[in-house]
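# What the coordinates show
As a plain string of letters, each chain reads:
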Amino acid sequence: MSQTSEGKSNVKTKFQLPKGVKDVIVADAAAKETATATTSTSVDWSTRRKQHISSSIPITPAEMPHFISMSVMMFLFIYVFTTVRDTKDTLVVSNCGAEAIPFLKLYGVMPSATAFIVLYSKLSNTFGKQTLFYATLLPFFVFYGDLIHFPVADGAAAAAAATRGGALTAAVNLMRYWSFSLFFIVSELWASAGVPLLFWQCANDVTPMAQAKRFYPLFAVTGNLAPIVSGKVMSYVISLQKTKDDIGFGSTLKKLAIVKAFVGLGIILIYRNVYAMAEERDKKERTEQSLSTIRGIKETGKVQITMKFEKPKQKLTLKESMRELMKSKELKAMATMVFCYNVCVELTEVLWKSILRKQYPSKSLYMEYMANFSQTVGTVAFLLQLIAPGILNIFGWKGTAMIPPVTMGVLAVAFFAAIIAGEDKIPLTQALLIGTVQNVANKVTKYSLFDPCKEMAYIPLGPDAKTKGKAAVDVLGARLGRSMGSASQQLLVFLVGGASGSIMNCTPYIGACYVTAIAMWSKAVGTLGKLFVTPEVKVDNTPKLESIGQAITIIKGIEDAKSEKRKNGNGKIQAKK
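Residue positions are given per chain, counted from 1 along the sequence in the order it is written. In keeping with the model being predicted, local features are shown solely for residues with a pLDDT of at least 70 and side-chain atom pairs are shown and tallied solely at 80 or more, while totals for entire chains, interfaces and linings include all residues. Heavy atoms from the whole structure form the basis of all side-chain values; hydrogens and water molecules are not counted.

## Re the overall build of the protein
Secondary structure assignment for the protein yields 18 helices and three strands. When each of the 577 residues of the protein is scored for burial, the buried share is 47%. Between two residues, a contact is recorded if the distance between any of their heavy atoms is within 4.5 Å. Counted over contacts in the protein with a minimum sequence separation of 6, partners at least 24 positions apart contribute 83%. To be clear on the numbers: accessible area is Shrake-Rupley with a 1.4 Å probe, and residue cover counts the displayed protein chains and nothing else. When the accessible surface of the protein is split by element, carbon and sulfur atoms take 63% of a total near 29000 Å². The numbering of helices and of strands both runs from the N terminus, where a helix is a DSSP run of H or I of at least 4 residues and a strand a run of E of at least 2. For the exposure calls, accessible area comes from a 1.4 Å probe over protein chains only, and a residue counts as buried if that area is under 20% of its type's maximum, exposed if over 50%, partly exposed in between.

Right under this line is the structure:
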């Protein structure tokens with residue numbers, strides 16, 4: 001027995017095959033003969049199962065169960081995200097004003113996100129992957145189920161609300177409507193923990209790299225139908241309201257909470273099914289490897305056993321993990337992308353929601369507009385997702401990843417310009433339309449292009465980067481981005497917001513911050529793009545050229561010596577004559 005420096009031991013020996021192994025080999029040979037004698041129909045079916053359904057759907061029939069399950073799971077995650085997003089905006093903006101959002105995100109969401117990531121890291125050191133998934137998922141749906149009980153109290157208090165306006169009054173209203181503020185905080189955490197963390201972590205765990213390149217751009221095709229369905233459901237439930245007051249709006253929230261409970265149950269069932277299919281696939285691969293080993297024993301009469309000894313991995317603390325993970329330039333670039341995206345979204349969303357509240361002051365009208373907005377997002381995202389694989393093939397990873405910042409930046413500049421021009425030159429309705437288009441682009445490019453590109457960048461990385469690193473990037477990176485956007489807006493409101501404390505007065509300065517974030521985002525894309533570029537192998541031919549030069553010199557010297565010798569010989573002959 002010899003042990004290598006890598007900790008592996010190789011044992012080679014000759015032996016007589018035991019009877020049990022011979023029986024397996026005989027059975028395997030019989031199976032081969034039976035397979036050879038199968039009909040041409042069976043062969044054709046096996047071939048078809050390995051072929052893609054079409055050029056636009058690069059999936060084989062055998063892969064369809066896994067693909068459909070993951071697509072439906074993404075649909076359910078995005079459905080919940082869309083519903084709670086529209087609900088939280090309606091509750092907070094209608095009661096507290098759009099200027100309250102920066103306060104809530106900075107002083108409520110950011111500390112909660114930090115606590116969440118600390119708790120998630122500790123749980124990841126204690127639980128397995130599947131237990132960690134349930135422990136993270138279930139508290140959200142327990143909270144949303146409890147929405148049946150508490151919103152009506154705040155809804156009734158809304159009638160007695162004081163006059164609203166400006167940043168200070170908005171901050172006071174956040175305390176008055178504490179339950180709506182809590183709902184907003186939890187929903188912001190779900191935006192970072194739902195699709196970015198729970199879904200994609202599951203997808204990265206059960207989807208091989210060969211499938212990921214084909215599946216990831218298409219997962220969201222079904223998933224992007226969720227905003228359409230969510231918008232339809234919300235519009236239908238709102239139409240069932242008997243009254244347009246807060247009591248009727250409270251009944252709408254209760255019905256939506258019941259729907260979310262059933263969606264949560266569906267996510268759990270699909271999750272269990274996906275891992276069961278992954279375990280079955282791994283089992284088949286192990287069986288095939290065992291049969292291959294047995295065939296090798298039959299052919300050579302030898303068995304080679306390779307034993308690999310590894311030290312048990314020591315689980316690091318959150319601080320140690322972050323220190324190690326942040327040494328990775330890839331993770332830093334991904335964190336920058338997520339950070340800048342969320343800064344950009346925050347800088348335009350508050351302005352847009354401020355205009356939206358002026359146009360639609362009623363809760364029901366506001367939610368109905370948001371429902372239509374979600375349907376538009378879903379429709380455009382679905383159409384874009386159909387051509388996303390083609391975009392990825394044509395432009396590559398880097399070109400595709402650059403589309404979101406360029407698109408968002410161009411539309412944001414137009415939106416800022418419309419607000420700066422004033423209502424005299426550009427009516428508020430047109431500014432609202434431009435802002436709506438820009439916010440649609442924010443969501444559509446994220447679901448269809450930004451998220452798949454970002455998740456593909458995780459696959460070549462190590463296991464710690466896929467768990468703790470991903471949690472830090474997707475949760476803390478997103479929250480830091482939102483908090484930075486909120487803090488900058490909050491500061492600008494106090495400095496240049498004027499007596500009214502309106503966010504609209506800060507538009508030129510917000511635009512400058514936006515352009516800076518887009519530039520940082522583009523630079524991070526360039527860094528990550530190197531992961532998906534095949535490096536050119538540069539061959540150093542200097543030694544070869546030197547050798548060739550030396551050979552030529554030697555040959556030339558020999559030829560010169562021969563010529564000199566011939567000249568000397570001819571001279572001697574002539575002298576004798």
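Picking up after the structure, the text goes on.
## What about helix α3 (residues 64-96)?
Expected helix span is given by 1.5 Å per residue-to-residue step, counting one fewer step than there are residues. A rise of 1.5 Å per residue sets the reference length of α3, with its 33 residues, at 48 Å; its end C-alpha atoms lie 47 Å apart and thus fit the reference within 8%. For α3, the buried fraction is high: 29 of the 33 residues fall into the buried class. Among the residues trailing α3, G97 stands out with phi positive, at a value near 95°.

## Describing the environment of A517
The residue A517 is located in helix α17 (residues 507-529) in this model. Along the primary structure A517 and G481 are separated by 36 residues, whereas in three dimensions their C-alpha atoms are 9.9 Å apart. A517 has contacts with C340, V343 and C344, leaving out every residue within four places of it along the chain.

## Some words on the packing of helix α14 (residues 363-421) against helix α15 (residues 428-458)
Axis definition: a line fitted to C-alpha atoms, over the contacting stretch in the case of helices. Angles run 0 to 180 degrees between N-to-C directions. It is the contact of α14 with α15, at a shortest axis distance of 4 Å, that shows an interaxial angle of 30°. Accordingly, the angle class assigned to the pair α14 and α15 is roughly parallel. Three classes are used, and their members are as follows: Ala, Val, Leu, Ile, Met, Phe, Trp, Tyr, Cys and Pro are nonpolar, Asp, Glu, Lys and Arg are charged, and the others, Gly among them, are polar. Looking at side-chain class alone, the contact of α14 with α15 contains 31 nonpolar, 11 polar and one charged residues. We call two directions roughly parallel when the angle between them is under 35 degrees, roughly antiparallel when it is over 145, roughly perpendicular when it lies between 65 and 115, and oblique otherwise.

## Focus: the packing of aromatic side chains
Think of it this way: a Phe, Tyr or Trp ring, Trp meaning its six-membered ring, pairs with another when their centres are within 6.5 Å, and the plane angle makes it stacked under 30 degrees, edge-to-face over 60, tilted otherwise. Evaluation of the coordinates by the stated rule reveals 26 aromatic pairs. When the centroid spacing of 6.1 Å and the interplanar angle of 85° are considered together, the rings of F103 and F494 count as edge-to-face. Here F494 lies in helix α16 (residues 463-496) and F103 lies in helix α4 (residues 100-126), a separation of 391 residues in the sequence. A residue is classified by how much of its surface remains accessible, and F494, at 53% relative accessible area, is exposed. Members of the aromatic cluster, each reached through a chain of ring pairs, are F77, F116, Y120, F140, F141, W190, F199, W200 and Y216. Whether a charge sits over a ring comes down to the Lys NZ or Arg CZ being within 6 Å of the ring centre and within 35 degrees of the ring normal. The ring centre of Y144 lies 5.7 Å from the NZ or CZ of K260, which sits over that ring.

## Focus: the side chain of T445
Among the structural elements, T445 can be located in helix α15. Judged by its relative accessible area of 6%, T445 is buried. What qualifies as a polar contact is a pair of N or O atoms within 3.5 Å, subject to a donor-acceptor requirement within protein and to the restriction that residues adjacent in sequence count only when both atoms come from side chains. From its side chain, T445 meets the backbone oxygen of A441 in a polar contact 2.6 Å long.

## What to know about the nonpolar core
Looking at soluble globular proteins, one finds that nonpolar side chains tend to be buried together. In plain words, nonpolar cores are sets of buried Ala, Val, Leu, Ile, Met, Phe, Trp, Tyr and Cys residues tied together by side-chain atoms within 4.5 Å. F77, W190 and F219 are the most contacted members of the largest nonpolar core, which has 143 residues in total. Leaving out residues up to four positions away in the same chain, F77 has contacts with F133, L137, W190, G194, V195, L198, F199 and I267.

## Observations regarding the state of the cysteines
Cysteine sulfur atoms are paired as a disulfide whenever they fall within 2.5 Å. Under the criterion given, the structure shown has zero disulfides. Cysteine C340 shares no disulfide, and the gap to the nearest cysteine sulfur, in C344, comes to 6.5 Å.

## Observations concerning the packing of α3 against α14
Where α3 meets α14, the closest approach of the two axes is 9 Å, and the angle between their N-to-C directions is 145°. The hand of the α3/α14 crossing is right-handed. Every residue of α14 that contacts α3 at T82, R85, D86, T87, D89, T90, V93, S94 and N95 is listed here: K363, Y366, M367, M370, A371, F373 and S374. A breakdown of the residues in the contact of α3 with α14 according to their chemical character gives six nonpolar, six polar and four charged. We call a crossing left-handed when the near helix sits turned anticlockwise from the far one by less than a right angle, and right-handed when that turn is clockwise.

## Overview of the environment of S374
Relative to the elements of secondary structure, S374 occurs in helix α14. Given the relative accessible area of 0%, S374 is considered buried. It is 8.5 Å that separates the C-alpha atoms of S374 and V440, two residues lying 66 residues apart in sequence. Here S374 is in contact with T82, R85, D86, P227 and I228, once residues within four sequence places are set aside. Here the side chain of S374 touches R85 through a polar contact of 3.0 Å, side chain to side chain.

## A closer look at the pattern of salt bridges
Any two side chains of opposite charge can pair, on the condition that their charged atoms come close. For this analysis, a salt bridge means a side-chain nitrogen from Lys or Arg found within 4 Å of a carboxyl oxygen belonging to Asp or Glu. For the structure on display, the rule yields 13 salt bridges. With a closest N to O distance of 3.1 Å, K88 and D89 form a salt bridge. Here K88 and D89 have matching classes, each one buried. The closest approach of N and O atoms between D205 and K129, which form a salt bridge, is 2.7 Å. Within this pair, whereas D205 is found in helix α8 (residues 178-206), its partner K129 is found in helix α5 (residues 129-146), the two being separated by 76 residues in sequence. Take D205: its relative accessible area is 32%, and that puts it in the partly exposed class.

## Some details on a nonpolar patch on the surface
Every patch collects residues that have over 30% relative accessible area and no salt bridge, joining them within 9 Å if they carry like charges and within 5 Å if they are nonpolar side chains (Val, Leu, Ile, Met, Phe, Trp, Tyr). Taken together, the side chains of L383, L386 and I387 present a nonpolar region at the surface, about 290 Å² in accessible area. Tracing the backbone shows I387 in helix α14. Given the relative accessible area of 48%, I387 is considered partly exposed.

## Topic: the environment of K332
Tracing the chain through its elements places K332 in helix α13 (residues 329-359). Placed 192 residues apart in sequence, K332 and A524 show a C-alpha to C-alpha distance of 8.3 Å.

## What to know about the confidence of the model for the protein
Low-pLDDT stretches of the model should not have their predicted coordinates read in fine detail. Residue-level confidence of the predictor is what pLDDT reports, using numbers from 0 through 100. Taken residue by residue, the protein gives an average pLDDT of 77. The fraction at 70 or more is 72%. Predicted confidence is poor over residues 150-164, with pLDDT under 50, and the contacts of this stretch with residues over four places away or in other chains come to 33 contacts. For the stretch residues 535-539, pLDDT sits under 50, and the model shows zero contacts to residues farther than four places along the chain or on other chains.

## As for α5
With 18 residues, α5 should reach 26 Å at 1.5 Å per residue; the first-to-last C-alpha distance of 27 Å fits that figure. Residues of α5 that are buried sit in contact with α3, α4, α8 and α11 (246-300).

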